[in-house]
Amino acid sequence: MTQTIAPRVRTVVLLLLAAACALLAGAAPASAHAAVTGSDPAQGAVVDKAPARISLTFSEQVAMSGDSLRVLDPEGKRVDAGEPSNVSGTTYAVRLHSGLPDGTYTVAYQVVSADSHPVAGAYTFSIGAPSKTSVTVSDQATDDGVVGWLYGFGRYVSYAGFIVMAGGAAFVLACWPRGSGVRPVQRFVVSGWLTLTAATLALLLLRGSFTGSGKVADIFDLSLLGQVLQTKTGAALVSRLLLLAAAALFIAVLFGAYDKREDPQEKRDLTFGLAIGGVVVAAGLAASWAMSEHASVGLQASIAMPVDVVHLLAVAAWLGGLGALLVALYRAPADAPVDASAVRRFSRVAFGSVLALIATGTYQSWRQLGSWSAFTDTRYGQLLLAKIALVAVLVGVAWISRRWTGRLAETVPASAEREKARVGAGAEASGDAEPEVTDDDRTDTDSVAGTDPDADSGEQPDSRPAHAGEQPDSGPADTERAAQLARQRAARDAALQKRLRDADPNRFGLRRSVLAEAGVAVVLLAVTTVLTQTEPGRTEQDAKAATSSSASTSPDTGASGALTLNMPFDTGGENGKGIVTVDLDPARVGGNEMHVYVERPDGQAFDIPEVKVDFTLKAKGIGPLPVVPDHIATGHWSANGVQIPMAGDWKVDVTVRTSDIDEVTVSKNAQIG
């Protein structure tokens with residue numbers, strides 16, 4: 001039975017790895033983690049005279065290099081002068097050459113968002129009048145290519161390495177101290193350390209090309225590596241390498257001094273010290289992800305980063321411990337099998353990890369999605385639903401494993417004794433149980449092994465009779481025969497112990513259920529990795545201009561936002577008089593929900609062909625930031641994700657068009673932020 005299990009295990013593992021790679025290969029690039037919320041000149045605008053500079057406003061702060069903002073004339077020549085600069089808040093600008101001729105100009109940008117992902121895009125504006133242009137700029141980020149795929153795979157491998165290392169060590173320390181001396185478990189944990197170290201070094205090399213040109217040739221460009229080391233992500237990767245050095249010391253003590261301790265009190269003291277040190281190192285490694293990715297930006301970053309650390313630690317304790325348990329069940333020596341008490345302890349650890357994952361995952365979902373509709377309307381939400389489903393399956397399989405564990409605890413002793421008695425009786429009948437080794441025994445065992453020690457040595461058997469009082473010859477041939485017999489006895493004993501271990505059907509059932517858990521965990525890790533590279537649902541919805549609200553409020557209810565502006569207008573044409581009302585909620589820095597209502601002077605709602613709103617902060621030179629709301633109902637327009645980059649006295653301009661030729665712009669100032 002054991003011989004048929006090993007090929008099945010290999011087949012299942014290969015299939016699951018293939019599924020994980022398919023998920024990674026099919027992951028769309030994270031191309032808009034920071035969204036452009038405004039530009040000056042605006043996209044498609046036609047200005048009378050050449051501007052002195054162009055500016056872009058993003059939904060969050062971004063990192064820029066000298067070529068992050070490029071302005072190209074109709075022939076494709078660059079007309080920007082100098083490097084881009086941060087004008088204020090999340091607005092960045094680059095100066096233009098003076099005296100630019102009329103025509104259509106292309107603005108191309110390539111930046112790195114605060115959560116470490118590259119963002120690229122392009123748009124056009126015209127001076128004087130539109131013209132033909134030979135410029136073709138791709139709006140794909142540099143993570144869509146070989147380097148992007150390698151970087152995504154490196155992230156997956158780094159997560160896997162951390163989970164294996166941290167979870168495997170926690171399993172040994174908290175659940176199965178005896179496992180510190182089991183070679184397969186040692187190799188499992190050490191392989192996690194090696195994998196994480198190699199992946200971190202690879203990510204450092206790939207990072208410069210990943211956020212820059214996207215060319216394979218630039219991977220080993222040392223100048224790019226120097227630039228990476230000065231970024232937040234580079235600092236996180238270097239910190240991870242330093243913490244891995246401390247992790248190496250922890251592993252050396254765990255599988256060295258800790259395993260050799262025999263005094264119970266000394267072992268308890270060392271266990272306590274290793275537990276404290278291990279938690280600190282593991283938390284530091286988890287923080288190297290939290291401080292450079294989604295958790296470090298957006299809402300409540302100071303809360304989100306510790307929550308993310310707890311989330312990663314819980315994942316490692318559960319899935320990494322699961323991997324260590326699988327190795328112990330399949331590869332532990334016959335004389336040191338994993339016992340039921342260790343499995344029960346891991347079951348308690350896994351249950352606590354699941355509770356932590358539910359709590360932290362709920363908070364992360366609220367923070368990254370922002371609305372129920374984002375579950376189905378955004379890619380991030382869809383992946384999150386897939387992750388939740390996989391976790392539910394994993395919990396169900398774990399419940400089955402828990403049942404097998406209970407049966408194992410009750411029936412292992414009896415079944416083991418029965419198998420031992422059966423094997424022992426068979427061995428006695430075949431003569432294997434004879435403690436004294438005779439010449440006939442040597443001949444039999446040598447025949448079983450397919451070897452003849454005398455033939456191997458090239459000597460003829462000594463057939464001379466021994467004289468009285470003469471000691472048998474203990475030459476090299478006898479020594480070699482004794483060593484061979486010892487190896488045969490050891491192999492026979494190991495086979496017997498393995499048969500005893502595998503005889504219990506409940507242990508076999510536990511193996512299969514844990515293998516199924518590990519398989520689901522591999523796919524779950526792949527989905528989680530893709531999720532970390534996907535634009536959060538909240539940001540995606542904010543980036544969609546004029547997304548309709550699922551719970552819009554009509555003017556008849558009298559409800560309004562935190563800021564309400566009423567502005568009478570008169571376009572001069574028929575039915576050109578009325579009142580436009582702008583509600584902005586919560587009227588603070590960041591994303592806002594905006595509702596626009598148009599009413600006749602008698603208070604009756606009516607529709608007009610077009611409504612546009614611009615926000616301008618003259619004191620800081622920001623704006624106008626255009627917003628074109630969607631028509632929701634009669635006299636009602638709405639837009640979500642209206643970004644206000646900084647607090648101040650904003651001028652709100654509302655353009656109302658009541659016919660093809662009749663329009664007017666009315667304004668009011670409002671304190672926002």
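Chemist: Describe the overall build of the protein chain, listing the residues and the values that go with them.
Modeler: A count of helical and extended segments in the protein chain gives 16 helices and 18 strands. Buried positions account for 45% of the 673 residues belonging to the protein chain. Contacts in the protein chain between residues at least 24 apart in sequence constitute 71% of all its contacts with a sequence separation of at least 6. Carbon together with sulfur atoms contributes 57% to the accessible area of the protein chain, which is approximately 32700 Å² in total.

Chemist: Provide a residue-level description of the nonpolar core, including the pertinent values.
Modeler: Phe 162, Trp 176 and Leu 254 are the most contacted members of the largest nonpolar core, which totals 65 residues. When contributions to this core are tallied by element, the ones reaching two or more residues are helix H2 (146-174), helix H3 (183-211), helix H5 (232-254), helix H7 (264-290), helix H8 (301-331), helix H9 (340-369), helix H11 (379-430) and helix H15 (505-532). Ranked by size, the runner-up nonpolar core spans 32 residues in total, among them Val 598, Val 613, Val 642 and Ile 672.

Chemist: Lay out the pattern of salt bridges with the relevant residues and their values.
Modeler: Counted according to the given criterion, the structure contains 6 salt bridges. Across the pair Arg 78 and Asp 80 runs a salt bridge, and its minimum N-O distance is 2.8 Å. In this structure Arg 78 comes out as partly exposed when scored by relative accessible area, which is 37%. Asp 80 sits in the buried class, given a relative accessible area of 9%. Lys 651 is the salt-bridge partner of Asp 653, the closest N and O atoms lying 3.8 Å from each other.

Chemist: Describe empty space enclosed by the protein, and please don't skip the residues or the numbers.
Modeler: Scanning the entire structure with this criterion turns up 3 cavities of 30 Å³ or more. By volume, the largest cavity is sized at about 90 Å³. Elements with a contribution of two residues or more to the lining of the largest cavity: H2, H5 and H7. A per-class count over the lining of the largest cavity returns 5 nonpolar, 5 polar and 3 charged.

Chemist: How would you summarise the side chain of Arg 207 if you had to cite specific residues and measurements?
Modeler: Assignment of secondary structure puts Arg 207 in helix H3. The class for Arg 207 is buried, based on a relative accessible area of 4%. Side-chain polar atoms of Arg 207 contact the side chain of Tyr 151, separated by 3.1 Å.

Chemist: An account of the sheet that holds strand E17 (residues 648-657) is requested, with residue identities and associated values reported.
Modeler: Working definition: the strands of a sheet are paired by backbone hydrogen bonds and lie parallel or antiparallel to each other. Spatial ordering of the open sheet is given by E14-E13-E17-E18, a layout of 4 strands whose pairing is antiparallel. Strand pairing shows two members of the sheet lacking a second neighbour, strand E14 (622-627) and strand E18 (663-672), which therefore form its edges. In this sheet, neighbouring strand axes are inclined to one another by 20 degrees on average, regardless of whether the strands run parallel or antiparallel.

Chemist: Residues and numbers for the packing of H3 against H8, please.
Modeler: At a minimum axis distance of 9 Å, the contact between H3 and H8 shows a crossing angle of 150 degrees. In this view, H3 runs roughly antiparallel relative to H8, as classed from their interaxial angle. Considering the relative orientation of H3 and H8, their crossing is right-handed. For the pair H3 and H8, contact is made by Pro 184, Val 185 and Phe 188 and by Gly 320, Gly 323, Ala 324, Val 327, Ala 328 and Arg 331, respectively.

Chemist: Just give me the short version of the environment of Ala 275, but keep the residues and values in it.
Modeler: Along the chain, Ala 275 turns up in helix H7. Linking Ala 275 and Leu 173, residues 102 residues apart in sequence, is a C-alpha distance of 7.4 Å.

Chemist: With reference to specific residues and values, describe the packing of aromatic side chains.
Modeler: Tallied over the entire structure, the rule returns 10 aromatic pairs. Aromatic pair Tyr 105 and Phe 125: ring centres 5.9 Å apart, planes at 20 degrees, arrangement stacked. Of this pair, Tyr 105 sits in strand E8 (residues 103-113) while Phe 125 sits in strand E9 (residues 118-127), placing them 20 residues apart in sequence. Accessibility expressed as a relative area gives 1% for Tyr 105, which makes it buried. Residue class for Phe 125 comes out buried when judged on its relative accessible area of 1%. Look at Tyr 151 and Phe 210: their rings are 4.1 Å apart centre to centre, the planes differ by 5 degrees, and that puts the pair in the stacked class. With Tyr 151 in helix H2 and Phe 210 in helix H3, this residue pair connects regions lying 59 residues apart in the sequence.

Cut-offs used in this document
Residues numbered from 1 in each chain as written. Predicted model: local features only at pLDDT ≥ 70, side-chain atom pairs only at ≥ 80, totals over all residues. Heavy atoms only, no water. Helix = DSSP H or I, 4+ residues; strand = E, 2+ residues; numbered from the N terminus. Buried < 20%, exposed > 50% of the residue type's maximum accessible area, 1.4 Å probe, protein only. Contact = heavy atoms within 4.5 Å. Areas by Shrake-Rupley, 256 points an atom, 1.4 Å probe, with all protein chains shown as cover. Core = buried A, V, L, I, M, F, W, Y, C linked by side-chain atoms within 4.5 Å. Salt bridge = Lys/Arg side-chain N within 4 Å of Asp/Glu carboxyl O. 1 Å grid on protein atoms, 1.4 Å probe; cavity = no way out; pocket = protein on both sides within 12 Å on 5 of 7 lines; lining within 4 Å. Points joined across faces, edges and corners; volume = space filled by probe spheres on them. Nonpolar A, V, L, I, M, F, W, Y, C, P; charged D, E, K, R; others polar. Polar contact = N/O pair within 3.5 Å; in protein donor to acceptor, adjacent residues only side chain to side chain. Pairing = 2+ DSSP bridges. Axes fitted to C-alpha atoms, helices over the stretch in contact; angles between N-to-C directions. Parallel < 35°, antiparallel > 145°, perpendicular 65-115°, else oblique. Left-handed = near helix turned anticlockwise from the far one by under 90°. Phe/Tyr/Trp six-rings, centres within 6.5 Å; stacked < 30°, edge-to-face > 60°.

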